[in-house]
Amino acid sequence: MTSWVSWKWLPVALCALVLAAPAAAQTSLTEADALAQDQPTDRLVPPTSAQDFTAAQLDSVLAGHWRPTAERARDRYRHPKQTLQFFGVRPDQTVVEITPGAGWYSAILAPLLRDNGQYIAAVAAPPPGKPASDTLQRRFAADAATYGKATIVTFDPKAPVFGAPGSADVVLTFRNVHNWVTAGTAPAMFKAFFAVLRPGGVLGVVDHRAADGASLAAVKTSGYLPTATVVKLATEAGFTLEESSEINANSADTKDYPKGVWTLPPTLALGDVDRAKYQAIGESDRMTLRFVKPDAPAPASSTH
């Protein structure tokens, strides 16, 4: 795996550059002295911003050898770099991903956070009498060098807890809210997101977007959701909608298929029926929403 500069040393390195520049300017150097320097002052590389550093780390992770070809092929639909940048994910954060499935985003987030952050995959506990899926656990165990200290926590969908209150910087979930709405567990899930996030923490949501004006009742079994439904769930849990993005939009998605959203790739629920047609449309049109947990209000000052 590519060796990265440790995030925690970046501020130290940048400070060193900033402090060194004035000192160099005050020193009269001979031409020989200048040539002997490892990095002459007239050719100093500008300090790297945190945003640029994260972008470089994401590029390295997305090119990682551990990502199967089939997963990389979906980057053009899922736009992982732009999506994670929109959510403000950094390599030094604690990030909880809710219901990561087989680990498409785990293969990006866990290596990104390996050295200086923490990746936590939150997986629903199976119904009584049914075995838990170990797909994600086997993926992590098969490549410990890549997935590092990534952890998995299980939760009860009806009374979810994802960690200690205020312990996470970011909570992310991709294409899951429609399932919780159908199951009736969505309000409890959003309240648990709010609880585990620190004040100022971010909730990032991506899900299949219903047509403008469509009611929840009309689309509930299609896999699509009205954006207003997701915003209502989040705001009722205490979040503020900070911004929405069209990063994962797909104007070719007509949202009127025999098997709902699962008619489209990657599921292709109709098999070979009109397969080329649905492949040409691509994956679904998706909302991308960034919510924030408001900072705790300052305590009122008392007067005597």
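Rules behind the numbers
- Per chain, residues are indexed from 1 in the order of the written sequence.
- For a predicted model such as this one, the threshold for reporting local features is a pLDDT of at least 70, and the threshold for listing and counting side-chain atom pairs is 80 or more; totals across whole chains, interfaces and linings nevertheless cover every residue.
- Values shown for side chains rest on all heavy atoms present in the structure; no hydrogens or waters enter the calculation.
- Pairing of aromatic rings covers Phe, Tyr and Trp, the last counted by its six-membered ring, and requires centre-to-centre distances within 6.5 Å; plane angles under 30 degrees mean stacked, over 60 mean edge-to-face, and any other angle means tilted.
- Numbering goes from the N terminus for both helices and strands, where a helix is a DSSP run of H or I of at least four residues and a strand is a run of E of at least two.
- The buried label applies to any residue whose accessible area, calculated with a 1.4 Å probe on protein chains only, is under 20% of its type's maximum; exposed applies above 50%, and partly exposed to all values in between.
- Charge over a ring is defined by NZ of Lys or CZ of Arg lying within 6 Å of the ring centre and within 35 degrees of the ring normal.
- For a helix, the expected span equals 1.5 Å multiplied by the residue count minus one.
- Put simply, the grid is 1 Å and covers the protein atoms alone, a cavity is a trapped set of points that fit a 1.4 Å probe, a pocket is an open set with protein on both sides within 12 Å along at least five of seven lines, and lining residues have an atom within 4 Å of a point.
- Grid points are joined across faces, edges and corners, and a volume is the space filled by probe spheres set on the points.
- Amino acids are sorted into nonpolar (Ala, Val, Leu, Ile, Met, Phe, Trp, Tyr, Cys and Pro), charged (Asp, Glu, Lys and Arg) and polar (every other residue, Gly among them).
- Strand pairing follows a simple DSSP-based rule, namely that at least 2 bridges must link the two strands.
- What counts as an axis is a line fitted to C-alpha atoms, over the stretch in contact for a helix, and the angles between N-to-C directions run from 0 to 180 degrees.
- Every residue pair with non-hydrogen atoms within 4.5 Å of one another is taken to be in contact.

*Asks:* Pulling in residues and values, what's your account of the packing of aromatic side chains?
*Replies:* Given two aromatic rings, their pairing is described by the distance between the two centres and the angle made by the two planes. Enumeration over the complete set of coordinates arrives at twelve aromatic pairs. Measuring from ring centre to ring centre gives 3.8 Å for Tyr105 and Phe174, while their planes differ by 10 degrees; the resulting arrangement is stacked. Here Phe174 lies in strand S4 (residues 168-174) and Tyr105 lies in the loop between strand S1 (94-98) and helix H7 (106-113), a separation of 69 residues in the sequence. Each of the two residues, Tyr105 as well as Phe174, counts as buried. Grouped by ring-pair contacts, the aromatic residues Phe155, Phe162, Trp180, Phe190 and Phe193 constitute a single cluster. Looking at Arg78, its charged tip hangs above the ring of Trp104, at a distance of 4.3 Å from the centre. Of note, Arg290 hangs over the ring of Phe86, and the distance from its end group to the ring centre comes to 4.6 Å.

*Asks:* Which residues make up helix H3 (residues 50-62), and what values do they have?
*Replies:* With 13 residues, H3 extends 18 Å between its outermost C-alpha atoms, agreeing within 8% with the 18 Å of an ideal straight helix rising 1.5 Å per residue. Among the residues making up H3, those that are buried are Phe53, Thr54, Ala55, Gln57, Leu58, Ser60, Val61 and Leu62.

*Asks:* Explain empty space enclosed by the protein residue by residue, including any values.
*Replies:* For the coordinates displayed, the defined rule picks out one cavity of 30 Å³ or more. What the largest cavity holds in volume is close to 40 Å³. In terms of lining residues, the largest cavity is bounded by Arg78, Thr83, Tyr105, Phe174, Val206, Asn248 and Arg286. For the lining of the largest cavity, the per-class residue count stands at three nonpolar, two polar and two charged.

*Asks:* How would you sum up the sheet that holds strand S3 (residues 151-155)? Please name residues and give values.
*Replies:* Strand order in the open sheet formed by seven strands is S3-S2-S1-S4-S5-S7-S6, with mixed pairing between adjacent strands. Unpaired on one side and paired on the other, S3 and strand S6 (240-245) mark the two borders of the sheet. Averaged over neighbouring strand pairs, the angle between their axes works out to 20 degrees when direction is ignored. Sheet topology places S6 next to strand S7 (residues 286-292); five bridges connect them, and they run antiparallel. Following the sheet pairing, Glu243 is matched in S7 by Arg290. Strands strand S2 (118-124) and S3 of the sheet are contacted by helix H8 (residues 135-142), whose axis makes an angle of about 170 degrees with S3.

*Asks:* Run through the layout of surface pockets, naming residues and quoting values.
*Replies:* Leftover empty space is mapped by rolling, across the atoms, a probe with the size of a water molecule. There is about 260 Å³ of room inside the largest pocket. Elements represented by at least two residues in the lining of the largest pocket include exactly S2, H8 and S3. Of the residues forming the lining of the largest pocket, the biggest block, three residues, is contributed by H8. A class-by-class count of the residues in the lining of the largest pocket yields nine nonpolar, six polar and one charged. Each pocket or cavity is described by its volume, and for the second largest pocket that value is around 180 Å³. Together, 14 residues line the second largest pocket, and Arg78, Pro100, Gly101, Trp104 and Arg175 are the ones closest to its centre. In terms of residue class, the lining of the second largest pocket is built from six nonpolar, four polar and four charged.

*Asks:* Can you explain the environment of Ile247? Please cite residues and give values.
*Replies:* Structurally, Ile247 is set in the loop between S6 and helix H14 (275-281). In this structure Ile247 comes out as partly exposed when scored by relative accessible area, which is 21%. It is 8.4 Å that separates the C-alpha atoms of Ile247 and Arg286, two residues lying 39 residues apart in sequence. Setting aside residues up to four positions removed in sequence, Ile247 forms contacts with His79, Gln82, Thr83 and Phe86.

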